[in-house]
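Analysis of the macromolecular model
Spelled out from the first residue to the last, the chains are:
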Amino acid sequence: MQPSPGGSLTFREATLVPPGGAPPYIGDLAIEGGRIVAVGVVERPVGEVIDARGHVLLPGVIDPQVHFREPGPTHKEDLETGSRAAAVGGVTAFLEMPNTAPPTTDRATLLDKHARAAGRCRAHWGFFLGATPDNQDTLAREDLTALVCGLKIFMGSSTGTLLVDDPAALEAHFAVPDAEARRVPIAVHAEDEARLVANKARYAAEGRVATVSDHPKLRDAEAALLATRRAVALAEKYRRRLHILHLSTADEAAFLAGRPRDGLVTSETLPQYLWLDARDYERLGTRAQMNPPVREAQHGEALWAALHAGVIDCLATDHAPHTLEEKARPYGQAPSGMPGVETLLPLMLHAVALGKCTLSQLATWLCEAPARCYGLRDKGRLAVGADGDVVLVDPGLRRTLRDADVVSRCGWTPFAGWTLTGAPVMTVLRGRPVYRGGQFLDGVYGDSLVFDRGAPAL
Ligand code: DOR
C-alpha cells in the first residue's frame, strides 16, 4: 500500500520535546513532503508557517492497544469514529485488537479490516492477528507478517470469543518455526484463565453474590502474575519477542524488574490504572469495570514507579468502548472496558502539570517507546528523517471533561468531571493537519503502518 502524499509545515518557536529523554527546548521544526526535514533551526521555512510560541510540539502519540469494534458491534464504535477520537486526543497511530466480530484470525479478516481502514481512518493503523487454539501456522502459511503489528493472545477470557488457555496450544504459538513469523511480536492479555474460573467457582460455592467491587478479587493479582510469568518463560524458552499488555499489578512490575531489560520482553500500563483505584467502583460502578481490573491504590503507585524506573516501557489505553446502556447492566452482565483514546494525552499532560512526570518522559512513554516496541522505525520521534506525525499542545489549557464532548461513539468517559491542565490543539499526519481548532480537515487520512522487525532472533 502506497502512503498518501505528505504535506509541508513549519512550526516556529515551539517547545520541542526531543527523543532519548533529552530536555525540551524552544526551536523550530519543518516537515516537507511528509517527513521532518529540520529540527531546532529552520532556515528555509516550507508550507504554512505556524507561530507555536507558548505551545509544546510532541511526536504524534501512538496508542498500541485499542478496540474499535469494526466489523461487529459498530453501535459502540467503528474505525472511523475510533480514529476520530484518536486524532482529537493527539493520537496519530493506533494498533487495533482482533476481538471484533468475526475475530481477526486469518488473511480474509485482516484484509477486510485494512480495506475498511483505508480512506476512513483519521490516524495511521496497525492490526493484530488474534490467536486461537489452532491457528499457530496462520502467520506463515497465509503470509501475513507484513499485514500485522503483532499476534494477540488472550490467556484469560474477556470481551469476545478469543481465548488460548490450553498450555500446549499456548506454547505452540511461541514455538512456531518459520523465521518471518517468529519476528512478529506476541502481545498477551495476561490473566490465568484457570485461576479466574476457580475464583468464580469459589464465590459460587460460598454462596456469595459478587458486586463490581469484587471484580479485582475475582480477577485477582495472582491471576495476572501467573499468566505474566508463564508468558515470559515461554518467550525466554523460544526467544520470541513478547509484549505484556495492560500490566495492572505491583507483583508483575516487581517480577519484570527482576529480569534483564534485554528487549525480549516489553510491557505497557494504562492511565486507568494510574489514575483510578478500587475506591472508584463506588463512584463509577460498572463503568470502572475492565479486564484486568482497576485495583487497590498500592498497585497504581507501583506502576507509576515502574514507569519511572523504565521497567514498564510505555502507555496504552485499551480503549474499549461500550454504550452506557450496556454498562448500566448489573455486575456479571455489564461488559468490561472503558474508552480512553482521546483522554490518554490530556491525562498525561495533566500529570506533567502536577509534577508526576516530565514532558520528556511523556514523549518516551507515549511516542518513542511504543514505536520501539512494535518496530515503527519512522514514528515517535522529532528527528530529521522521521515521519511528520506531530501534535501541538497548549500546556496551560484547562478543560473539564464531559461525556457530551466525547468523540468516541460510546459517548462517555470515566474521567467526566475532571478538570485537566494541558490539551492537544492540532494533530498532524505526515505534515498535513488532520484535526485543528476543533475541526477535521477534508481529505486527510492515515496510512497502514510499516513494521521494521530488524534482525531475526533476539
Ligand atoms: O476490559 C476489557 N475490555 N479488557 C479486554 O481485554 C477487552 C476489552 C474489550 O474489548 O471490551
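See above for the structure.
Further remarks concern the sheet that holds strand β10 (residues 186–189). Read from one edge to the other, the open sheet built from 8 strands follows the order β6-β7-β8-β9-β10-β11-β12-β13, with strand pairing classed as parallel. The open sheet terminates on both sides in strands that have one partner only, identified here as β6 (61–66) and β13 (314–315). Bridge count between β10 and strand β11 (residues 242–244): 3 bridges; the pairing is parallel. Directly across from I186, in β11, lies its bridge partner L242. Sheet contacts for helix α2 (residues 107–117): β7 (91–96) and β8 (124–130); angle to β8, the most-contacted strand, approximately 165°.

Our focus in this paragraph is the side chain of E70. Looking at the secondary structure, you find E70 in the loop between β6 and α1 (79–88). At a separation of 2.9 Å, a polar atom in the side chain of E70 contacts the side chain of R116. Once you skip the residues sitting within four places of it in the chain, E70 turns out to touch D78, L79, E80, T100, K113, R116 and R120.

The next point concerns helix α12 (residues 297–308). For an α-helix, 3.6 residues make a turn, and residues three or four places apart therefore share a direction. Over its 12 residues, α12 runs 17 Å from end to end, which matches the ideal 16 Å to within 8%, given 1.5 Å per residue. Every buried residue of α12 is accounted for by H299, G300, L303, W304, A306 and L307. Looking straight down α12, one finds its buried side chains confined to an arc of 165°; they lie on one side. Two residues or fewer after α12 comes G310, characterised by a positive phi angle close to 80°.

Let's shift gears to the site of the ligand. Taken together, 14 residues lie around the ligand, and R69, N99, T159, N291 and S336 are the ones closest in. With respect to the ligand, the side chain of H189 contributes an N or O atom lying 3.1 Å from an oxygen atom. One of the backbone nitrogen or oxygen atoms of S336 is found 2.9 Å away from a nitrogen atom of the ligand. Considered on its own, the ligand offers 290 Å² of accessible surface; in the complex 100% of this is hidden by protein. Counted by class, the shell around the ligand contains 3 nonpolar, 9 polar and 2 charged residues.

With that settled, consider the packing of aromatic side chains. Inspection of every chain in the model, using the stated rule, returns 6 aromatic pairs. Centroid distance F128 to Y374: 5.8 Å. Interplanar angle 85°. Geometry classified as edge-to-face. Here the residue F128 occupies a position in strand β8, and Y374 occupies one in helix α15 (residues 359–374), the gap between them amounting to 246 residues. When sorted by exposure, F128 lands in the same class as Y374, which is buried. Aromatic side chains W275 and W304 sit 6.2 Å apart centroid to centroid with 80° between the ring planes, which places their arrangement in the edge-to-face category. In this pair, W275 sits in helix α10 (residues 271–275) while W304 sits in helix α12, placing the two residues 29 residues apart along the sequence. Accessibility expressed as a relative area gives 14% for W275, which makes it buried. W304 sits in the buried class, given a relative accessible area of 10%. Three or more aromatic residues joined by ring pairs form one cluster here, namely W275, W304, F415 and W418. The positively charged end of R208 is found above the aromatic ring belonging to Y203, 4.1 Å away from the centroid. A cation over an aromatic ring shows up here: K356 above the ring of W275, its NZ or CZ 5.6 Å from the ring centre.

Another point: the side chain of S267. For S267, the position within the fold is in strand β12 (residues 265–269). Since its relative accessible area comes to 1%, S267 is described here as buried. For S267, the residues in contact, after removing those within four places along its chain, are H243, I244, L256, V311, I312, D313 and C314.

With that out of the way, let us pick up the pattern of salt bridges. This model, assessed by the stated rule, comprises 35 salt bridges. Ionic pairing is found between E171 and K237, a salt bridge with its closest N-O pair at 2.7 Å. On the criterion of sequence distance, the pair formed by E171 in helix α4 (residues 167–174) and K237 in helix α8 (residues 221–238) is long-range, its members being 66 residues apart. The exposure class assigned to E171 is partly exposed, which follows from its relative accessible area of 25%.

As a further point, take unusual backbone geometry. The step from E70 to P71 runs through a cis peptide bond, and the omega angle for that step is 0°. Put simply, N291 and P292 share a cis peptide bond, and its omega is -10°. Along the chain, P292 turns up in the loop between α11 (280–284) and α12. With a phi angle near 25°, H246 is a residue other than glycine that sits in the positive phi range. For H246, a relative accessible area of 2% gives the class buried.

Thresholds applied
Residues numbered from 1 in each chain as written. Predicted model: local features only at pLDDT ≥ 70, side-chain atom pairs only at ≥ 80, totals over all residues. Heavy atoms only, no water. Pairing = 2+ DSSP bridges. Helix = DSSP H or I, 4+ residues; strand = E, 2+ residues; numbered from the N terminus. Contact = heavy atoms within 4.5 Å. Axes fitted to C-alpha atoms, helices over the stretch in contact; angles between N-to-C directions. Polar contact = N/O pair within 3.5 Å; in protein donor to acceptor, adjacent residues only side chain to side chain. Expected span 1.5 Å × (residues − 1). Buried < 20%, exposed > 50% of the residue type's maximum accessible area, 1.4 Å probe, protein only. Arc of directions from axis to C-beta. Near = heavy atom within 4 Å. Areas by Shrake-Rupley, 256 points an atom, 1.4 Å probe, with all protein chains shown as cover. Nonpolar A, V, L, I, M, F, W, Y, C, P; charged D, E, K, R; others polar. Phe/Tyr/Trp six-rings, centres within 6.5 Å; stacked < 30°, edge-to-face > 60°. Lys NZ or Arg CZ within 6 Å of the ring centre and 35° of its normal. Salt bridge = Lys/Arg side-chain N within 4 Å of Asp/Glu carboxyl O.

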